[in-house]
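Structural features, examined
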Amino acid sequence: MTVKVDFPATHFHSGAAVDGVALLTLDRPEALNALDVQTMQELVEGLERLDSDADCRCVVITGAGDRAFAAGADIKEMAEATPVTLGIANSFARWERIRSVRVPIIAAVRGFALGGGCELAMACDMIIASDDAVFGQPEIKIGVMPGAGGTQRLTRALGKAKAMEMILTGSNLSAREAEARGLVTRVVAREETLSAALALAGEIAALPPLAVRAAKEAVNRAYELSLEAGLEFERRNFFLLFASDDQKEGMRAFIEKRRPEWKGR
Ligand code: DAK
């Protein structure tokens with residue numbers, strides 16, 4: 001196994017923690033958690049399992065060891081690939097499957113997040129970075145270019161000028177710069193990275209899950225649609241939530257000055 005699944009809480013129910021947070025750890029520290037086919041497959045399967053578990057409300061992905069979140073796709077595995085073998089392996093489909101996950105995903109990034117590792121972090125909904133985290137798309141230095149969303153997500157996050165520099169030169173971005181430019185949610189001390197990500201996940205997990213998923217979906221549309229189409233999408237999700245028990249419960253609890261009890265319905 002190259003991806004570990006944990007439920008960092010004390011109570012369990014049907015596979016996931018009652019408090020709803022699951023932790024996926026990329027576990028190839030000897031290769032700086034390079035994303036080989038097996039790791040990607042286990043990651044996608046783990047995410048999909050958790051996504052279909054009603055008890056799982058938020059997922060954190062991190063890298064094992066103290067040097068990297070992930071240093072990219074596995075170059076040793078990829079070196080002799082051809083367009084035909086890449087096409088047959090259909091690895092791009094795995095990245096699409098990550099994009100389809102509805103439960104929120106937080107990347108806890110310590111050390112290197114390069115190439116596919118940076119693309120994976122950016123495919124998550126939020127990034128908590130250690131102060132020594134390094135983000136980059138160095139593919140140009142090995143004769144290729146980003147292939148799993150880097151040219152699109154980095155450009156949307158940083159703007160064309162900086163993304164172009166990074167992608168064309170393979171230069172890196174420090175955690176502080178990534179924070180200043182809006183690529184990451186927060187930078188924390190290295191030893192606090194995972195606990196900060198888990199705490200944020202716990203905060204989200206305690207909120208009404210239908211509303212959380214609908215809101216995630218709508219924010220992601222801001223990247224993909226025109227403003228008009230995005231506003232329309234937001235409106236539909238907003239209306240839809242008024243069909244949920246949790247909307248009634250949330251508003252009644254406010255009026256009755258008590259804590260709401262979410263049912264996820
Ligand atoms: N792949 C395989 N092994 C890697 C690796 C990688 N990306 N990165 C590091 N390693 C291995 C090293 O080979 C070394 O293994 P041994 O020699 O000990 O066996 C071990 O991890 C420790 O690395 P270093 O000895 O190199 O450690 P240093 O501190 O000297 O340097 C480094 C750290 C992160 C600067 C360096 O390892 C490095 O430059 N790594 C490569 C970074 C990189 O170029 N990343 C981009 C890879 S291309 C696709 C989707 C996505 C992609 C492709 C296709 N499809 C859907 C089809 C993405 C492509 C990429 O990410």
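The text that follows walks through the structure, step by step, so that each part is easy to find. The structure presented is a predicted model; accordingly, all values stated were derived computationally and were not measured. Residue numbering note: each chain is counted from 1, following its sequence as written. pLDDT decides what is reported in this predicted model: residues at 70 or higher carry local features, side-chain atom pairs at 80 or more are listed and counted, and totals for whole chains, interfaces and linings draw on all residues regardless. With hydrogens and water excluded, all non-hydrogen atoms of the structure serve as input to the side-chain values.

A few words now on the overall build of the protein chain. A tally of regular secondary structure across the protein chain gives 12 helices and 12 strands. Here the globule rule is a power law, 2.2 Å times the number of residues to the power 0.38, and the radius of gyration is based on C-alpha atoms. The C-alpha atoms of the protein chain give 19 Å as radius of gyration, which agrees with the globular expectation for 265 residues (18 Å, within 12%). Taking the principal axes of its C-alpha atoms as reference, the protein chain extends roughly 60 × 45 × 40 Å. Exposure classes here rest on a 1.4 Å probe applied to the protein chains alone. A residue is buried below 20% of its type maximum, exposed above 50%, and partly exposed in between. In the protein chain, buried positions account for 44% of the 265 residues. Relative to all contacts within the protein chain whose residues are 6 or more apart in sequence, the contacts with residues 24 or more apart total 66%. Here the Shrake-Rupley method, with its probe set to 1.4 Å, supplies the accessible areas, and only the displayed protein chains count as covering residues. About 14000 Å² of surface is accessible on the protein chain, with carbon and sulfur atoms providing 58% of the total. Positive charges come from Lys and Arg alone, negative charges from Asp and Glu alone, with His and the N- and C-terminal ends not counted. Charge positions come from single atoms, namely NZ of Lys, CZ of Arg, CG of Asp or CD of Glu. Of the charged side chains in the protein chain, 32 are positive and 37 negative, and the gap between their average positions amounts to 4 Å. Only DSSP runs of H or I with at least four residues qualify as helices, and only runs of E with at least two residues qualify as strands; both kinds are numbered from the N terminus onward. Here a residue-residue contact requires only that any non-hydrogen atoms of the pair lie within 4.5 Å.

Let us now look at the nonpolar core. Nonpolar core, defined: a set of buried Ala, Val, Leu, Ile, Met, Phe, Trp, Tyr and Cys residues in which side-chain atoms within 4.5 Å join the residues together. Within the largest apolar cluster, 47 residues are counted, with the highest numbers of intra-cluster contacts made by Leu43, Ile61, Phe69, Phe135 and Leu183. With 15 residues, the next largest nonpolar core counts Val60, Ile106, Leu200 and Ala205 among its residues.

Whenever Lys or Arg places a side-chain nitrogen within 4 Å of a carboxyl oxygen from Asp or Glu, that contact is recorded as a salt bridge. Under the counting rule described, the total for this entry stands at 19 salt bridges. For Asp132, the salt bridge identified is with Arg190, shortest N-O distance 2.5 Å. Taken together, the residues span a long stretch of sequence, with Asp132 in the loop between β9 (126–130) and β10 (134–136) and Arg190 in the loop between β12 (186–188) and α9 (193–205) at a distance of 58 residues. Residues joined in a network through salt bridges with shared partners are Glu96, Arg99, Arg221 and Glu224.

Our next topic: the site of the ligand. Being near a molecule or strand, for a residue, comes down to having at least one heavy atom within 4 Å of it. Taken together, 24 residues form the shell around the ligand, and within it Arg67, Ala71, Ala73, Ile75 and Gly116 come nearest. At 2.8 Å, a backbone N or O of Ala73 approaches an oxygen atom of the ligand. In the model, a nitrogen atom of the ligand is placed 2.9 Å from a nitrogen or oxygen of the Ile75 main chain. Starting from 1100 Å² of accessible surface for the ligand in isolation, the protein chains cover 66%. Counted as a polar contact is a pair of N or O atoms within 3.5 Å, where, for protein atoms, one must be capable of donating a hydrogen and the other of accepting one, and residues adjacent in sequence contribute only when both atoms are in side chains.

As a further point, take helix α7 (residues 160–169). What α7 keeps buried is the set Lys162, Ala163, Met166 and Ile167. All buried residues of α7 project into a common sector of 120° when viewed along the axis, lining one side. Opposite the buried face of α7, at more than 90 degrees from it, the exposed residues are Lys160, Ala161 and Leu168. On its buried face, α7 sits against β10, α6 (150–158), β11 (172–174) and α8 (175–180). Throughout, the arc means the angular range of directions from the helix axis out to the C-beta atoms.

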